[in-house]
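# Structural characterization, general
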Amino acid sequence: MSARFRRVGVVGGGRMGAGIAEVCARAGLDTVVCEADATAAGAARERVATSLDRAVRRGRLEVQAARDTLARMAFTGRLDDLADRQLVVEAVIENADAKTEVFAALDKIVEDPAAVFATNTSSLPVMRLGMATSRADRVVGLHFFNPVPVLPLVEVVASLHTSSETVTAVEDFAMGTLGKTVIRSRDRAGFVVNALLIPYVLAAVRMAESGFATAVDIDAGMELGCAHPMGPLKLADLIGLDTVASIAESLYDEFREPLYATPPLLQRMVQAGLLGRKTGRGFHSYGRA
């Protein structure tokens, strides 16, 4: 069934959207990335080109394969350019209103009535996004992990309306075409991974906030004491502190468990624009991305 998805669109060309588009193009698919405008589309193209260059330098990709990948991709600032797509993956900011607006627009633009719409949301209800369209049975969660070209996991999330045919098609696509490992989750905030991960990250934030230990020592403790490849605060910086806060808010709204409540320190850092790697400073300092 994955053969039906030969023309893929990705809405959003940030870290996640660019990564999703890259793995699709590397798999031989005709891939169009849509951003807010031409300038943002150009930045998305540069993001993919940089990622491909990195893969070549690290011996993960041949030079010609990188060139062929970029040649399969188009970058646009017009959502209308996705009209002929068979699968569209939404990867815009983790905001329910923004995502709902994208799905409502895609419903009017994408011509193929059998086309599938997928969302890369980390925590928002797939049902809400599906109900913004006239084809909720063909709307599904397809949650990748950062960096998309490297991490093998994809969460597939069906809403109460998502058809079994849609789930089968996107699972076959993720595994058979993209070579990913798939796990299924019910349509609940955080799905599997973030429902487990975010309380752990928030506990580390609270530990730093209380002065119990420094960010450096917290991360070293989990890396060297528990063999985690990355400490929780470094991981928060990689994810983006704004994204961590958004996921936490979605989890708290749904479950009302104190462990999901956003710590004041995290709220202040987001308000200050200290979002982690993408801004150059979070719990640790980095060169600007």
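So, a few notes on the structure that sits alongside this text. (Residues numbered from 1 in each chain as written. Predicted model: local features only at pLDDT ≥ 70, side-chain atom pairs only at ≥ 80, totals over all residues. Heavy atoms only, no water.)

Another point: the sheet that holds strand β8 (residues 181–186). The strand order β3-β2-β1-β4-β5-β6-β7-β8 describes an open sheet built from eight strands, whose pairing is mixed. Among the strands making up the open sheet, the edge pair consists of β3 (73–76) and β8. When strand polarity is set aside, the average angle formed by the axes of neighbouring strands in this sheet is 25°. Pairing between strand β7 (residues 153–158) and β8: six bridges, direction parallel. Considered in β8, the bridge of E155 is made with I183. (Pairing = 2+ DSSP bridges. Helix = DSSP H or I, 4+ residues; strand = E, 2+ residues; numbered from the N terminus. Axes fitted to C-alpha atoms, helices over the stretch in contact; angles between N-to-C directions.)

It is worth spelling out the packing of aromatic side chains at this point. Counted according to the given criterion, the structure contains three aromatic pairs. Judged by centre distance (5.7 Å) and plane angle (40°), the rings of F255 and Y260 are tilted. Under the relative-accessibility criterion, F255 is labelled partly exposed at 29%. (Phe/Tyr/Trp six-rings, centres within 6.5 Å; stacked < 30°, edge-to-face > 60°. Buried < 20%, exposed > 50% of the residue type's maximum accessible area, 1.4 Å probe, protein only.)

On to the pairing of strand β2 (residues 30–34), then. Counting buried residues along β2, four of its five residues qualify, which places the element largely inside the surrounding structure. Two strands pair when backbone bridges link them, and strand β1 (residues 7–11) and β2 are joined in this way by five bridges, in the parallel orientation. Each bridged residue has a counterpart across the sheet, and for V11 the counterpart in β2 is C34. This β-α-β element, β1 to helix α1 (residues 15–26) to β2, shows right-handed connectivity. (Right-handed = clockwise from strand over helix to strand, strands pointing away.)

For helix α4 (residues 96–109), which comprises 14 residues, the first-to-last C-alpha distance of 20 Å matches the rise-based estimate of 20 Å (1.5 Å per residue) to within 8%. All of the buried residues in α4 are A96, K99, V102, F103, L106, D107 and I109. On its buried side, α4 packs onto β1, β4 (87–90), β5 (116–119), α5 (126–130) and β6 (139–144). The backbone nitrogen of D97 lies 3.1 Å from a side-chain oxygen of the residue at the head of α4, namely N95. (Expected span 1.5 Å × (residues − 1). Contact = heavy atoms within 4.5 Å. Polar contact = N/O pair within 3.5 Å; in protein donor to acceptor, adjacent residues only side chain to side chain.)

Inspection of the entire model under this criterion finds 15 salt bridges. Salt-bridge contacts for R7 lead to D84; the nearest nitrogen and oxygen are separated by 3.9 Å. Taken as a pair, R7 in strand β1 and D84 in the loop between β3 and β4 lie far apart in primary sequence, 77 residues in all. For D84, a relative accessible area of 35% puts it in the partly exposed group. A salt bridge links D107 to R135, with the shortest nitrogen-to-oxygen separation between them at 2.9 Å. Residue D107 is found in helix α4, and its partner R135 is found in the loop between α5 and β6; the two are separated by 28 residues along the sequence. As far as burial versus exposure is concerned, D107 and R135 are alike and both buried. When salt bridges with common partners are traced through the structure, they connect R7, D30, D84 and R85 into a single cluster. (Salt bridge = Lys/Arg side-chain N within 4 Å of Asp/Glu carboxyl O.)

Turning to unusual backbone geometry, a few remarks are in order. In this structure, P147 follows N146 across a cis peptide bond, with omega equal to 0°. By the element assignment, P147 lies in the loop between β6 and β7. With a phi close to 55°, F191 is a non-glycine residue in the positive phi region. Relative to the elements of secondary structure, F191 occurs in the loop between β8 and α7 (193–210). One non-glycine residue with positive phi stands out, namely R256, at about 55°.

Now for a positive patch on the surface. Where like charges cluster on the molecular surface, the positive patch consists of R15, R47, R54, R57, R58, R60 and R277. Considering the arrangement of structural elements, one finds R57 in helix α2 (residues 38–57). (Patch = residues over 30% accessible without salt bridge, like charges linked within 9 Å, V, L, I, M, F, W, Y side chains within 5 Å. Areas by Shrake-Rupley, 256 points an atom, 1.4 Å probe, with all protein chains shown as cover. Lys, Arg positive; Asp, Glu negative; His and termini not counted. Charge placed at Lys NZ, Arg CZ, Asp CG, Glu CD.)

Quick look at the side chain of S123 now. Structurally, S123 is set in the loop between β5 and α5. Note on S123: relative accessible area 1%, which makes it buried.

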